[in-house]
Amino acid sequence: MSTLKEKLSNIPTMDEKYVEQTFMDIAESILYDGYIKVRDEYRIYVKTVEFYFHAEEGSIFHISDPIVYHRNGKFPGMNLPYFPLLTLHAHASGFDITFENEQYKYRASALIRAYAIYDVKSKSFIKNEKGKIYDDRSTFLYNYLNGFSLDNNNDIEWVEEKSKVLHDIPDPSPRRNVYVYVDGNKTDEKDMRPWSFTRKNDIEP
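Report follows, based on the coordinates. Bear in mind that the values here come from a model prediction, so they are computed numbers and not experimental data.

Topic: the overall build of the protein chain
Helix and strand counts for the protein chain stand at two helices and twelve strands. Helices and strands in the protein chain line up, N terminus first, as α-α-β-β-β-β-β-β-β-β-β-β-β-β. Here the C-alpha radius of gyration of the protein chain, 17 Å, is about what a compact globule of 205 residues would show, namely 17 Å. Along the longest, intermediate and shortest principal axes, the C-alpha atoms of the protein chain span 50 × 40 × 35 Å. Counting all 205 residues of the protein chain, 44% fall into the buried class. Here the protein chain has roughly 11,100 Å² of accessible surface; of this, 49% comes from carbon and sulfur atoms. In the protein chain, which carries 27 positive and 33 negative side-chain charges, the distance between the mean positions of the two groups comes to 5 Å.

Encoded structure:
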């Protein structure tokens, strides 16, 4: 079985349908085959993941996704360096697991759209104010992904661990609040690309 890192590094074709199949494969790993370890305090299990993919100028790909935060042209006059594989990127909409590629000139990321937080010390999931373990407020992850030492890069890591429950094929659907752009301008037409995937069954640590 391929690891998440191996899957993130394998998008060798410019065909959009193949890219979508690759998203499905990556989603299965993120949703079912591991978690984000935060020191020895928390585990973050992903319930829903949304994908973003944008080809930069000169890329062999022809896929435009202007909503991508980390790309050239987002901030005038700035060409942004490419993130290393499996970088956690915090931005105004939450946290991405990135898989950009400088050789093929594309920006790609998986937004943690919904998740559950497992408290290692109490051996239980943390419930939100509605009494549920799942939370779809990606920005609220800053409560857990924060306060890391500048002198230690091992505070947070992806841990490969196959789910104890049977894999269901994640449900593909359009991303939330994403719209079509024409000539750099946002339209009222919803972007219907099926780049969001949700785990069907419950999470078990």
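Having seen the model, we can carry on.
Some points on the packing of aromatic side chains
Tallied over the entire structure, the rule returns 14 aromatic pairs. Residues Phe23 and Phe51 carry aromatic rings whose centres are separated by 4.6 Å and whose planes lie at 5 degrees to one another, so their mutual orientation is stacked. On the criterion of sequence distance, the pair formed by Phe23 in helix α2 (residues 16–32) and Phe51 in strand β2 (residues 42–55) is long-range, its members being 28 residues apart. Residue classification places Phe51 among the buried positions, given a relative accessible area of 0%. Members of the aromatic cluster, joined through ring pairs, are Phe23, Phe51, Phe53, Phe61, Phe99, Tyr106, Trp195 and Phe197. Here the basic side chain of Arg107 rests over the ring of Tyr82, its NZ or CZ set 3.8 Å away from the ring centre.

Considering unusual backbone geometry
Positive phi, normally seen in glycine, also occurs at Leu86, with a value near 65 degrees. For Leu86, a relative accessible area of 31% puts it in the partly exposed group. Its identity is not glycine, yet Asn177 carries a phi of approximately 60 degrees, on the positive side. Take Asn177: it is sitting in the loop between β9 (171–173) and β10 (179–182).

Conventions we followed
- Residues numbered from 1 in each chain as written.
- Predicted model: local features only at pLDDT ≥ 70, side-chain atom pairs only at ≥ 80, totals over all residues.
- Heavy atoms only, no water.
- Helix = DSSP H or I, 4+ residues; strand = E, 2+ residues; numbered from the N terminus.
- Rg over C-alpha atoms; globule rule 2.2 N^0.38 Å.
- Buried < 20%, exposed > 50% of the residue type's maximum accessible area, 1.4 Å probe, protein only.
- Areas by Shrake-Rupley, 256 points an atom, 1.4 Å probe, with all protein chains shown as cover.
- Lys, Arg positive; Asp, Glu negative; His and termini not counted.
- Charge placed at Lys NZ, Arg CZ, Asp CG, Glu CD.
- Phe/Tyr/Trp six-rings, centres within 6.5 Å; stacked < 30°, edge-to-face > 60°.
- Lys NZ or Arg CZ within 6 Å of the ring centre and 35° of its normal.

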